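Below, each chain spelled out in residue letters.
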Amino acid sequence: MTTGTAQGEPGVQDGFEHPALFYSGSDEYLAGTVPFIEAALRAGEPVAAAVPGHNLESLRRALGTDAKRVEFVDMADAGANPGRIIPGVLRSFIDAHKGTRVRIIGEPIWPGRSELEYPACVQHEALLNLAFTGRPVTKLCPYDTQGLSERAIADAKATHPLLIDSTGRHPSDEYDPDGILDAYNRPLDAAPKRAVERSADRHTLDNARWFATSYGRAAGMSSMQLIDLEIVITELLTNSISHGGGEGLFRIWAEDAQLVCEVSDAGHITDPLAGRMPTDDSQFHGRGLVLVNQIVDLLLVHTSPRGTTVRFYLRLPAA
């Protein structure tokens, strides 16, 4: 199984290489990933592996002493919320090695990812093609053909211009990242009847913030989690007040050991990378959603000309 790619071949776009690696079993996984890392080390290119823990340990063992030259990231932790992978995992590594091509193994979709998380995961894969066009980055994305659904494999063919499997490398005939973004920009399931609903504008923002944190305290959130909740609610409602028609409607409830909250307004998010690219202190707009993604355990968004709903999840402490 060959994982190297070259500029100028089909599937390589403007310096960014984004192949999917289809593997079946640990032997094929290592056969596809270890040579990729070794090629980077021989070329003097910085290389990182951001994969779930079980595959992380397999890579470390297979690489032996070379493992010291690789940056390892447990994707199950750092990428639990797919919305923070680009700014918090990929860009932090890429920006630390400006002026040289970098190689990254990134595995954001693995058996065990929940159905709730999956849409944000596949949106992430589609957005990589927009976020890194023109960048000297090679990002290899492994997909477990034994453990993942047929839908996940089909979506991988739509989000990756180049496919690698046991037969070799070939361009994807189904490559259509824009189609994936459209398909997964779905209306969110309705909030349950037990959800508490409030509206907030610039005059009632403080009251809404107080209400949300009171609800979180009653649900069993820790002091630190209440601070996180207050930050997130403030950022989202402020966005609604500033860009969503002057007010936001929020709903809050608890389910499956999580606090769930959503904010809806009349705004329309037209930038598909909103909330998924790092910002700096010079930017006046666009920082709130990035901050929210860094805090919450999962963020789901549906946006259209009719309005936007942003829903976030925060895990509650174990009883």
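Residues numbered from 1 in each chain as written. Predicted model: local features only at pLDDT ≥ 70, side-chain atom pairs only at ≥ 80, totals over all residues. Heavy atoms only, no water.

Asks: Help me out: how do you make sense of the pattern of salt bridges in this one?
Replies: Should the charged atoms of two oppositely charged side chains come close, the side chains can pair. The tally for this structure, following the rule as stated, stands at 15 salt bridges. Note that Arg-69 is salt-bridged to Asp-66, the shortest N-O span being 3.7 Å. Of the charged contacts, one joins Glu-115 and Arg-151 as a salt bridge, the two residues approaching to 2.9 Å between their closest N and O atoms. Linking Glu-115 in the loop between strand S5 (102-106) and helix H5 (118-131) with Arg-151 in helix H6 (residues 150-159), this pair joins segments that are 36 residues apart in sequence. One salt-bridge network, in which partners are shared between bridges, spans Glu-197, Arg-251, Glu-262 and Arg-311. (Salt bridge = Lys/Arg side-chain N within 4 Å of Asp/Glu carboxyl O. Helix = DSSP H or I, 4+ residues; strand = E, 2+ residues; numbered from the N terminus.)

Asks: Is there a simple way to think about a nonpolar patch on the surface in this case?
Replies: Residues Met-224, Ile-227, Ile-231 and Leu-291 make up a contiguous nonpolar surface patch of about 350 Å² in total accessible area. Looking at the element boundaries, Leu-291 is found in helix H10 (residues 288-295). Classification of Leu-291 by relative accessible area gives partly exposed; the value is 35%. (Patch = residues over 30% accessible without salt bridge, like charges linked within 9 Å, V, L, I, M, F, W, Y side chains within 5 Å. Areas by Shrake-Rupley, 256 points an atom, 1.4 Å probe, with all protein chains shown as cover. Buried < 20%, exposed > 50% of the residue type's maximum accessible area, 1.4 Å probe, protein only.)

Asks: What should I look at first to understand the packing of helix H1 (residues 26-43) against helix H2 (residues 53-63) in this one?
Replies: To characterise two packed helices, one gives the angle between the axes of the helices and the distance between these axes. It is the contact of H1 with H2, at a shortest axis distance of 10 Å, that shows an interaxial angle of 60°. Looking at the two axes, H1 sits oblique to H2. In the packing of H1 onto H2, the handedness of the crossing is right-handed. Of the residues in H2, those touching H1 at Tyr-29, Leu-30, Thr-33, Val-34, Ile-37 and Glu-38 are Asn-55, Ser-58, Leu-59, Ala-62 and Leu-63. Considered class by class, the residues forming the contact of H1 with H2 number 7 nonpolar, 3 polar and 1 charged. (Axes fitted to C-alpha atoms, helices over the stretch in contact; angles between N-to-C directions. Parallel < 35°, antiparallel > 145°, perpendicular 65-115°, else oblique. Left-handed = near helix turned anticlockwise from the far one by under 90°. Contact = heavy atoms within 4.5 Å. Nonpolar A, V, L, I, M, F, W, Y, C, P; charged D, E, K, R; others polar.)

Asks: What am I meant to see in the pairing of strand S6 (residues 137-144) here?
Replies: In the case of a regular strand, side chains alternate between the two sheet surfaces. A large share of S6 lies buried, amounting to 8 of its 8 residues. Here S6 shows two buried faces, one formed by Val-137, Lys-139, Cys-141 and Tyr-143 and the other by Thr-138, Leu-140, Pro-142 and Asp-144. One ladder, built from 2 bridges, connects strand S1 (residues 16-17) with S6; its direction is parallel. If you follow Phe-16 over to S6, its bridge partner there is Val-137. Bridge count for strand S2 (residues 19-23) against S6 is 4 bridges, and the pairing is parallel. The residue of S6 that forms the bridge with Phe-22 is Tyr-143. As defined by bridge partners, S5 adjoins S6 across 4 bridges and the pair is classed as parallel. Following the sheet pairing, Ile-105 is matched in S6 by Leu-140. Taken together, S5, H5 and S6 form a β-α-β motif whose crossover is right-handed. (Pairing = 2+ DSSP bridges. Right-handed = clockwise from strand over helix to strand, strands pointing away.)

Asks: For this particular structure, what's the right way to read the confidence of the model for the protein?
Replies: Low pLDDT means the predicted coordinates in that region are not meant to be read closely. In this model, the protein carries an average pLDDT of 93, and 93% of its residues clear a pLDDT of 70 or more. This stretch, residues 4-14, has a pLDDT under 50; its non-local contacts, to residues over four places away or in other chains, come to 26 contacts. (pLDDT = per-residue confidence, 0-100.)

Asks: How should the packing of aromatic side chains be read in this particular structure?
Replies: Each aromatic ring pair is summarised here by two numbers: the centre-to-centre distance and the angle between the ring planes. On inspection of all chains with the given rule, the structure shows 5 aromatic pairs. The interplanar angle of 70° and the centroid separation of 4.7 Å between the aromatic rings of Tyr-23 and Tyr-29 together place this pair among those described as edge-to-face. Accessibility classification places Tyr-23 together with Tyr-29 in one group, the buried group. The ring centre of Phe-72 lies 4.6 Å from the NZ or CZ of Arg-60, which sits over that ring. Looking at Arg-198, its charged tip hangs above the ring of Phe-211, at a distance of 4.3 Å from the centre. (Phe/Tyr/Trp six-rings, centres within 6.5 Å; stacked < 30°, edge-to-face > 60°. Lys NZ or Arg CZ within 6 Å of the ring centre and 35° of its normal.)

Asks: Please explain the sheet that holds strand S9 (residues 196-201) as it appears in this structure.
Replies: Strand pairing in a sheet relies on backbone hydrogen bonds. The paired strands run either parallel or antiparallel. Pairing is antiparallel in the open sheet, where 5 strands are placed in the order S9-S10-S11-S13-S12. The open sheet is flanked by S9 and strand S12 (298-304), the only strands paired with a single partner. Between one strand axis and the next, the sheet turns through 15° on average, direction left out of account. Pairing geometry for strand S11 (residues 258-265) and strand S13 (residues 307-315), over 8 bridges, is antiparallel. Following the sheet pairing, Gln-258 is matched in S13 by Arg-315. Along the sheet, helix H8 (residues 205-219) makes contact with S9, strand S10 (247-255) and S11, crossing S10 at roughly 5°.

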